[in-house]
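Reading the structure
If you want the building blocks of each chain, they are given just below.
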Amino acid sequence: MMTNGVISWWHFLTALGVFNIVAWALSAAALSRRRTALADEAHRTRRLQLFLSAAYVLGCAFRSALPVYDVPRLCLVDSWLSSVMIGRSVATVAELCFVAQWALMLREISKATGSSTGRIVAPLLVPLIAVAETCSWYSVLTTSNIGHVAEESLWALTAALLVASAVTLLPKLPAGRRPLIAGWCVAGIAYVGYMLTVDVPMYWARWLSDQADGRRYLSIAQGLMDVIHHRTVSHRWEDWQNEVAWMSLYFSVAVWISLSFIHAPAPGALLVPRKPPAPGSARAAGAR
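When helices and strands are counted, the protein shows 10 helices and 3 strands. Ordered by position from the N terminus, the helices and strands of the protein form the series α-α-β-β-α-α-α-α-α-β-α-α-α. Overall, the protein is about 80 × 40 × 30 Å in size when its C-alpha atoms are taken along their principal axes. Put simply, the protein has 288 residues, and 48% of those count as buried.

A few words now on the sheet that holds strand β2 (residues 74-75). The strand order across the open sheet formed by 3 strands is β1-β2-β3, and the pairing between neighbours is mixed. The open sheet has two edge strands with one neighbour each: β1 (68-69) and β3 (232-233). Where β1 lies against β2, 2 bridges are found, and the strand directions are antiparallel. Looking at the pairing, Val-68 lines up with Cys-75 of β2.

Right, let's get into the packing of helix α1 (residues 4-33) against helix α2 (residues 40-65). Contact geometry of α1 with α2 gives a least axis separation of 9 Å together with a crossing angle of 165°. As the angle between them shows, α1 and α2 are arranged roughly antiparallel. Classified by chirality, the crossing of α2 by α1 is left-handed. Contacts between α1 and α2 involve Trp-10, Leu-13, Thr-14, Gly-17, Asn-20, Ile-21, Trp-24, Ser-27, Ala-28 and Leu-31 on the former and, on the latter, His-43, Arg-46, Arg-47, Leu-50, Ser-53, Ala-54, Val-57, Leu-58, Ala-61, Ser-64 and Ala-65.

So, about the nonpolar core. Nonpolar side chains in soluble globular proteins generally cluster together in the buried interior. Counting 58 residues, the largest nonpolar core has Tyr-56, Trp-102, Leu-125 and Ile-181 as its most contacted members. Listing elements by their share of this core, those giving two or more residues are α1, α2, α3 (84-113), α4 (116-142), α5 (146-169), α6 (178-212) and α8 (237-262). Among the elements that take part in this core, α8 stands out by supplying 11 residues, more than any other. Sequence-distant contacts of Leu-125, that is, excluding residues within four places in its chain, are made with Val-99, Trp-102, Ala-103, Leu-106, Thr-158 and Leu-162.

Summed over the entire model, instances satisfying the criterion amount to 11 aromatic pairs. For the ring pair Tyr-56 and Phe-98, a centre distance of 4.2 Å and an interplane angle of 15° mean the geometry is stacked. Here Phe-98 lies in helix α3 and Tyr-56 lies in helix α2, a separation of 42 residues in the sequence. Considered together, Tyr-56 and Phe-98 belong to a single accessibility category, that of buried residues. Ring plane angle 75° and centroid distance 5.9 Å describe the contact between Trp-246 and Tyr-250, whose orientation is recorded as edge-to-face. With Trp-246 and Tyr-250 both in helix α8 and 4 residues apart, this pair spans about one turn of that helix. For the pair formed by Trp-246 and Tyr-250, the shared burial category is buried.

In this model, α8 (26 residues) spans 37 Å end to end at C-alpha, consistent with the 38 Å of a helix rising 1.5 Å per residue. The sharpest bend along α8 reaches about 50° and sits at Glu-243.

Their axes nearest at 10 Å, the elements α3 and α8 cross at an angle of 40°. As far as their axial angle goes, α8 and α3 are oblique. In the packing of α3 onto α8, the handedness of the crossing is left-handed. For the pair α3 and α8, the contacting residues are Glu-95, Phe-98, Gln-101, Trp-102 and Met-105 in the first and Tyr-250, Ala-254, Ile-257, Ser-258 and Phe-261 in the second. Each residue belonging to the contact of α3 with α8 can be placed in one class, and the counts come to 7 nonpolar, 2 polar and 1 charged.

Parameters at a glance
- Residues numbered from 1 in each chain as written.
- Predicted model: local features only at pLDDT ≥ 70, side-chain atom pairs only at ≥ 80, totals over all residues.
- Heavy atoms only, no water.
- Helix = DSSP H or I, 4+ residues; strand = E, 2+ residues; numbered from the N terminus.
- Buried < 20%, exposed > 50% of the residue type's maximum accessible area, 1.4 Å probe, protein only.
- Pairing = 2+ DSSP bridges.
- Axes fitted to C-alpha atoms, helices over the stretch in contact; angles between N-to-C directions.
- Parallel < 35°, antiparallel > 145°, perpendicular 65-115°, else oblique.
- Left-handed = near helix turned anticlockwise from the far one by under 90°.
- Contact = heavy atoms within 4.5 Å.
- Core = buried A, V, L, I, M, F, W, Y, C linked by side-chain atoms within 4.5 Å.
- Phe/Tyr/Trp six-rings, centres within 6.5 Å; stacked < 30°, edge-to-face > 60°.
- Expected span 1.5 Å × (residues − 1).
- Bend = angle between axes of the 7 residues up to and from the residue.
- Nonpolar A, V, L, I, M, F, W, Y, C, P; charged D, E, K, R; others polar.

So, in structure tokens, the structure goes:
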């Protein structure tokens, strides 16, 4: 039997998944209504954001309904869909799509504002997370948490680069467009802080504990067989309590940020309008 804490948390995650799917559908309808107000290039970019967000929203909804704790092979629902192999594969695709949204938005705003920093950072984001996903798979297959230390450190680095780039864009934006970018920056700073003070130290402590206990890790081949066939159903709060915070935030705030990219202003609206030349200035005289 599930404990009350686990039942409440699972119901919360499942409700989040349903809510986020409905929010994505409403976002798609809103984008359709904006079609005539967007230039072709801007609409194509928003459509791509919509499709990338769909992969992330659906991936998170799947993982909300079927939570899996990868390294110890724990799951809440006794189903083949709860295998670590399936859950980690869904997460990999979803997370690559999510960071592709970051890169796409940063490239678009950097192009519109002429930011060289953003144009340098944008192409780096997806490759960095691809390496992070590889580290994650290493940990999931071998059960060694050192891969998760590297993975979460790379996520923190990627988010820090994104925030730093966005901060350089703020002065180039009109006042009415700054709150959205500033909101992304605040979320990014909070995320980096959480990763560096909570998540990375947690995985580092787990790895040190395993090392002290002389834990034997699986080989890659052994791990592949293990993630396909091995799963343990657990409904004990003690087994899940360390996963509650990050899963709850990840399947809520992160998904809402993904959805917000669909509604971001069009590139032309991001350009700071040129001030008209003062009367009597050389530019004004030339214009006459």
